[in-house]
Amino acid sequence: MRQPIDAYVLSKCGYVSLFAVRSGYRFRNFVREDFTMWERITEKLKILSDAAKYDVSCASSGGKRKNENKGLGNSANSGICHAYTEDGRCVSLLKILLTNFCIFDCAYCVSRKSNDIKRAAFTVQEVVDLTINFYRRNYIEGLFLSSGIFTNADYTMERLVLIAKKLRTEHNFHGYIHLKAIPGASPELLREAGLYADRLSINIEMPTEQGLKLLAPDKNREDMIRPMNYLKTEIQQYKEEIVKFKKTPAFAPAGQSTQMVVGATQETDLQVLYTANHFYKKMQMKRVYYSGYVPISTDNRLPAIGTPVPMIRENRLYQADWLLRFYSFNVNELISPEQPLLDLDIDPKLSWALRNLSIFPLDINKAELPLIKRIPGIGVSSALKIVAARKFRKLNWEHLKKMGIALNRARYFITCNSPDFEIKDYQPQQIKQFILTKGNSKYENTFSQQIPLF
Amino acid sequence: MQTLIYDGSFEGWLCAVFDVYEYKYANVTICTDNQRQDSLWGETRLVYTDKQKADRVVKGLKQYISAVAMQQLYKTFLSEQKGMEDMLLEYVQYVFREKKDIAKDYSHHAARYVDDTAHKVHREKHRMEAFVRFQKTGDDIYFALVEPDFNVLPLILKHFRDRYADQKWLIYDKKRKYGIYYDLHKTEFIQLDFDTQSSNKDIAAILNESELPYQQLWKDYFNSTNIKARKNMKLHIRHMPLRYWKYLVEKQPEI
Ligand code: SF4
């Protein structure tokens with residue numbers, strides 16, 4: 001028999017605060033079974049979000065789903081971060097594993113078979129309910145679902161697909177869904193996944209095959225590349241067909257992405273960036289993510305526990321990645337076999353500029369947009385502003401400053417409509433010193449806790 | 001100095017602009033009644049708000065400026081910043097003088113002011129779309145309180161209507177004392193008889209019984225998705241400034 005249970009008793013059980021009880025919150029029909037249910041979900045959510053958090057992707061952008069038939073949700077093209085964790089990362093999606101049981105033993109992963117941790121698994125319905133209820137409260141943009149491999153790849157993948165299918169068909173849910181494809185899953189399942197998900201990803205995990213062999217002996221690079229290729233073809237086909245037939249069912253409209261762990265193995269930035277570049281150019285990936293290795297294991301193949309997370313390096317990789325995607329840099333302009341590591345003390349754009357001082361100074365009133373974008377301190381939006389504003393009158397230092405251009409960097413690389421200009425045949429080293437002593441690198445501020453003084 | 005007093009609405013401001021041209025005022029300032037500073041020398045006139053006058057100004061502007069620029073003017077107006085009425089007037093005068101779209105003349109002070117302010121308001125709109133936290137009430141209305149820096153409710157309406165088409169919701173601006181309510185069919189602006197003392201605590205009394213458990217789950221999720229080895233509070237606070245915490249479930253202390 002279901003028995004009503006006192007709110008005070010509930011509060012004692014710890015999952016809902018006394019605050020609620022004091023303020024007159026009524027658990028009108030709460031019974032003991034309800035309580036056990038909440039407690040079970042709470043426990044699972046803790047375990048399975050904790051295990052999922054090392055996947056850094058949280059993007060919800062690129063979705064174009066409209067809300068149809070008065071359903072629930074849509075996905076804004078630019079994505080929304082609903083919160084930021086205390087480590088400053090965007091929280092946009094409910095990022096969880098379906099289960100952290102796994103038959104594999106990848107050294108860098110908390111869910112690896114040999115790790116002695118608590119295991120849990122959500123039911124399909126639990127994931128659906130959590131997603132819908134968080135979404136309705138405007139906590140999230142959607143779901144990012146991944147999983148350890150239990151039984152085998154297809155068995156796991158089937159359940160991931162089932163969740164996406166339920167959300168779309170039974171709940172008329174149009175929010176964002178990112179599914180992680182399980183390496184080795186069959187093409188049929190991948191195809192079905194693509195019909196319900198906005199984005200699919202398969203993590204390449206390590207930048208090189210040797211790295212993967214070393215740390216994830218059960219995994220095989222081929223098992224990742226094959227489905228990536230499959231997805232690439234399907235996505236391309238969808239893009240071609242949607243132009244011809246409006247009614248073509250969507251296939252992963254936000255494309256595919258992947259992730260590499262950096263700092264777990266010995267790979268150089270050169271290897272990391274060339275691999276990333278390959279994915280952008282050859283696989284039409286939407287994003288490549290870099291995840292600085294967070295030490296979680298005493299395995300002697302890996303950096304010891306307590307080793308700092310390589311956050312600056314990770315940041316430089318992202319900066320280089322942006323230069324590839326939005327500033328039309330070629331990968332070989334950023335990194336070379338002679339210098340296979342990115343500078344840690346300055347960003348890759350400044351570093352490129354210092355290596356190529358001969359093309360500077362650029363006249364801000366004349367240079368073409370692609371060149372303006374290459375000036376250190378000037379981002380895409382500043383570059384666009386400059387090009388638009390100079391049509392009205394020639395710009396001088398005063399104008400640039402008022403327009404919010406970061407002159408403390410840019411000034412060494414430009415001339416404008418003012419008699420005094422900065423370029424005085426400085427050497428690259430000097431410019432670097434000037435900029436560094438100003439201490440105005442936006443990353444320096446942000447990462448100051450981690451950086452020893454240079 | 002001529003002072004024009006308008007009713008505080010965007011239409012009212014447009015009518016003030018109309019009057020500036022109609023009466024050829026040269027030295028003029030536009031403000032609402034409670035901002036007025038009567039001076040001994042100035043003259044004061046009340047602006048009569050009339051949709052037709054307002055429409056004529058909009059039509060005139062649209063001959064020269066883009067829809068995006070028009071939207072920027074509106075956003076700047078919603079900033080409620082002191083002196084924005086006069087800046088916007090300067091902008092309009094600049095448009096009519098040059099007879100072209102000057103929105104991107106960033107080295108001109110009025111164009112830059114409008115661009116900057118519109119951006120700030122836009123950022124606040126975006127923040128509200130992110131930081132609204134609905135609480136489900138006993139009668140199945142999803143309810144959120146906000147206190148945005150700028151008057152952005154009119155700007156976020158469409159986003160929430162498109163997204164939450166199958167649930168009743170209400171977003172209430174506590175600072176400006178009005179809200180938007182969606183009843184599954186239409187959205188409307190409403191005012192609640194809201195006790196100014198009422199707080200999160202009173203709201204808790206009318207919540208749906210699954211509400212607090214879900215809030216607790218969200219808090220737990222928020223905490224466990226954090227990677228402690230990467231802790232960076234500076235960055236955290238830059239993205240989620242303290243003034244928004246009051247209404248964020250995940251930032252409520254555990255009691
Ligand atoms: S297969 Fe995935 S979940 Fe399993 S141990 Fe390897 S990385 Fe972890």
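Enquirer: Honestly, the overall build of chain B in this entry has me stumped. Any pointers?
Expert: Summing up its helical and strand segments, chain B has 9 helices and 8 strands in all. Seen along its three principal axes, the alpha-carbon backbone of chain B occupies a region of about 65 × 45 × 40 Å. Classification of the 255 residues of chain B by burial places 56% in the buried group. Contacts spanning at least 24 positions in sequence make up 68% of the contacts within chain B whose residues lie at least 6 apart.

Enquirer: Mind showing me how you'd approach the overall build of chain A here?
Expert: Helix and strand counts for chain A come out as 18 helices and 10 strands. A buried classification covers 58% of the 454 residues belonging to chain A. Considering only contacts in chain A between residues 6 or more positions apart, those separated by 24 or more positions represent 66%. For chain A, the exposed area adds up to about 20,100 Å²; of that, 53% sits on carbon and sulfur atoms.

Enquirer: What's the story with the environment of Tyr-25 of chain B in this structure? I'm lost.
Expert: Residues and elements named next belong to chain B. With respect to the helices and strands, the residue Tyr-25 is situated in the loop between helix H1 (10–22) and strand E2 (28–32). Residues Tyr-25 and Thr-3, spaced 22 residues apart in sequence, show a C-alpha to C-alpha distance of 9.8 Å. In contact with Tyr-25, not counting residues within four places along its chain, are Gln-2, Leu-4, Asp-19, Val-20 and Arg-45.

Enquirer: It is not clear to me how the site of the ligand should be interpreted in this structure. Could you clarify?
Expert: Cys-102, Phe-104, Cys-106, Cys-109, Arg-112, Gly-148, Ile-149 and Lys-219 of chain A make up every residue found near the ligand. Classifying every residue of the shell around the ligand by side-chain character gives 5 nonpolar, 1 polar and 2 charged.

Enquirer: Can you walk me through the interface of chain A and chain B in this structure?
Expert: It is common to give the size of an interface as the accessible area that goes away when the parts come together. Contacts between the two partners involve 80 residues from chain A and, on the opposite side, 70 residues from chain B. Note on chain A versus chain B: buried area summed over both sides is about 6,700 Å², and carbon and sulfur give 56% of it. Across the chain A-chain B interface, the total number found is 8 salt bridges. Taking the shortest distance from any N to any O, the salt bridge between Lys-251 of chain B and Glu-86 of chain A comes out at 3.9 Å. Along the contact surface separating chain A from chain B lie 35 residue pairs in polar contact (both at pLDDT 80 or more). Take the side of chain A that touches chain B: its biggest share by element is 7 residues, from helix H3 (residues 32–50) of chain A. For the side of chain A that touches chain B, the residue count by class is 36 nonpolar, 25 polar and 19 charged.

Enquirer: Quick question: what am I supposed to make of the environment of Arg-221 of chain A here?
Expert: Residues and elements named next belong to chain A. Relative to the helices and strands, Arg-221 resides in helix H8 (residues 221–244). We classify Arg-221 as buried; its relative accessible area is 16%. Along the chain, Arg-221 and Glu-209 lie 12 residues apart, while their C-alpha atoms are 6.4 Å from each other.

Enquirer: Would you mind going over the state of the cysteines with me for this structure?
Expert: Defined simply, a disulfide is a covalent bond joining two cysteines at their sulfur atoms. Residues and elements named next belong to chain A. One pass over the structure, following the stated rule, counts 1 disulfide over all chains. The disulfide partner of Cys-81 is Cys-90, and the S-S distance across this bridge is 2.1 Å. Between Cys-81 and Cys-90, the S-S torsion sits near -105°, and that sign places the bridge as left-handed. Judged by relative accessible area, Cys-90 falls into the partly exposed class, the value being 24%.

Enquirer: Would you explain the environment of Asn-34 of chain B in this entry?
Expert: Residue and element names in this part refer to chain B. Structurally, the position occupied by Asn-34 is in the loop between E2 and strand E3 (43–46). In this structure, the C-alpha to C-alpha distance between Asn-34 and Gly-8, residues 26 residues apart in sequence, is 9.8 Å. Looking at Asn-34, its side chain comes within polar contact range of the side chain of Thr-32, at 3.0 Å.

Enquirer: Help me understand the domain arrangement of chain B in this model?
Expert: Residue and element names in this part refer to chain B. Its domain assignment divides chain B into domain 1 (2–124) and domain 2 (132–251). Computed over C-alpha atoms, the centres of domain 1 and domain 2 are 32 Å apart. Domain 1 puts 10 residues into the contact, and the matching count from domain 2 is 9 residues. At the junction of domain 1 and domain 2, the tally comes to 1 salt bridge. Residue Arg-176 is joined to Glu-80 by a salt bridge in which the shortest nitrogen-to-oxygen separation is 3.1 Å. On the surface where domain 1 and domain 2 come into contact, there are 4 residue pairs in polar contact (both at pLDDT 80 or more). Looking at the side of domain 1 that touches domain 2, the elements with two or more residues in it are helix H3 (67–78) and helix H5 (109–131). For the side of domain 1 that touches domain 2, the element with the most residues is H3, which contributes 4 residues. Grouping the amino acids of the side of domain 1 that touches domain 2 by side-chain chemistry returns 3 nonpolar, 3 polar and 4 charged.

Enquirer: What exactly am I supposed to notice about the sheet that holds strand E7 (residues 256–262) of chain A here?
Expert: Strands belonging to one sheet form pairs held by backbone hydrogen bonds; the direction of such a pair is parallel or antiparallel. Residue and element names in this part refer to chain A. With parallel pairing, 6 strands are arranged side by side in an open sheet as E3-E4-E5-E6-E7-E8. Single-partner strands in this sheet number two, and they are strand E3 (93–97) and strand E8 (287–292). Here the strands of the sheet are splayed against their neighbours by 20° on average, with no regard to which way each runs. By the bridge criterion, 5 bridges tie E3 to strand E4 (residues 142–146) in an arrangement that is parallel.

Enquirer: So what exactly am I meant to see when it comes to the pattern of salt bridges here?
Expert: Once the charged atoms of two side chains with opposite charge are near each other, the side chains can pair. In the structure shown here, the tally under the stated rule is 40 salt bridges over all chains. For Glu-129 of chain B, the salt bridge goes to Lys-125 of chain B, with nearest N and O atoms at 2.8 Å. On the criterion of helical spacing, the pair formed by Glu-129 of chain B and Lys-125 of chain B is a turn pair, its members being 4 residues apart in helix H5. For Glu-129 of chain B, a relative accessible area of 4% gives the class buried. Through salt bridges with shared partners, a single ionic network connects Arg-40, Lys-44 and Glu-126 of chain A.

Enquirer: Can you walk me through the confidence of the model for chain A in this structure?
Expert: Caution applies to low-pLDDT parts of the model: their predicted coordinates are not meant to be read in detail. Residue and element names in this part refer to chain A. Within chain A, residue pLDDT values average 85, and 88% of them lie at 70 or more. Low pLDDT, under 50, characterises residues 1–24; the stretch is placed with 43 contacts to residues that sit more than four places away or in other chains. Segment residues 441–454: pLDDT under 50, and 23 contacts once partners within four positions in sequence are set aside and those in other chains are kept.

Enquirer: Please clarify how the pairing of E3 of chain A should be interpreted in this entry.
Expert: In regular strands, side chains alternate between the two faces of the sheet. Residues and elements named next belong to chain A. Among the 5 residues that make up E3, 5 are buried, leaving the element largely enclosed by the rest of the structure. Side chains Leu-93, Lys-95 and Leu-97 of E3 all project onto a buried face; the interleaved residues Leu-94 and Ile-96 project onto the opposite face, where all are buried too. Following the backbone out of E3, through helix H4 (residues 124–136) and into the adjacent parallel E4, one traces a crossover that is right-handed.

Enquirer: What's the story with the sheet that holds strand E4 (residues 135–136) of chain B in this structure? I'm lost.
Expert: Residue and element names in this part refer to chain B. In spatial order, the strands read E4-E5-E6-E7-E8; together these 5 strands make up an open sheet with mixed pairing. At either margin of the open sheet sits one strand with a lone partner, and together these are E4 and strand E8 (187–190). In this structure, E4 lies alongside strand E5 (residues 141–146), joined through 2 bridges in antiparallel fashion. Following the sheet pairing, Gln-135 is matched in E5 by Phe-143.

Enquirer: Sorry, what's going on with helix H9 (residues 269–282) of chain A here?
Expert: Two residues of an α-helix separated by three or four positions point the same way, owing to the 3.6 residues in each turn. Residues and elements named next belong to chain A. When the terminal C-alpha atoms of H9 are compared, their 19 Å separation across 14 residues agrees well with the 20 Å that a helix rising 1.5 Å per residue should span. Burial in H9 covers these residues: Asp-269, Leu-270, Val-272, Leu-273, Thr-275, Ala-276, Asn-277, Phe-279 and Tyr-280. Check the buried side of H9 and you find it contacts H8, E7, E8, helix H10 (311–326) and helix H11 (331–334). Phi turns positive one or two residues past the end of H9, at Gln-284, with a value near 50°.

Criteria and thresholds
Residues numbered from 1 in each chain as written. Chains lettered and ligands numbered in written order. Predicted model: local features only at pLDDT ≥ 70, side-chain atom pairs only at ≥ 80, totals over all residues. Heavy atoms only, no water. Helix = DSSP H or I, 4+ residues; strand = E, 2+ residues; numbered from the N terminus. Buried < 20%, exposed > 50% of the residue type's maximum accessible area, 1.4 Å probe, protein only. Contact = heavy atoms within 4.5 Å. Areas by Shrake-Rupley, 256 points an atom, 1.4 Å probe, with all protein chains shown as cover. Near = heavy atom within 4 Å. Nonpolar A, V, L, I, M, F, W, Y, C, P; charged D, E, K, R; others polar. Buried area = accessible area lost by both parts, 1.4 Å probe. Salt bridge = Lys/Arg side-chain N within 4 Å of Asp/Glu carboxyl O. Polar contact = N/O pair within 3.5 Å; in protein donor to acceptor, adjacent residues only side chain to side chain. Disulfide = S-S within 2.5 Å. Domains from an automatic or database assignment. Pairing = 2+ DSSP bridges. Axes fitted to C-alpha atoms, helices over the stretch in contact; angles between N-to-C directions. pLDDT = per-residue confidence, 0-100. Right-handed = clockwise from strand over helix to strand, strands pointing away. Expected span 1.5 Å × (residues − 1).

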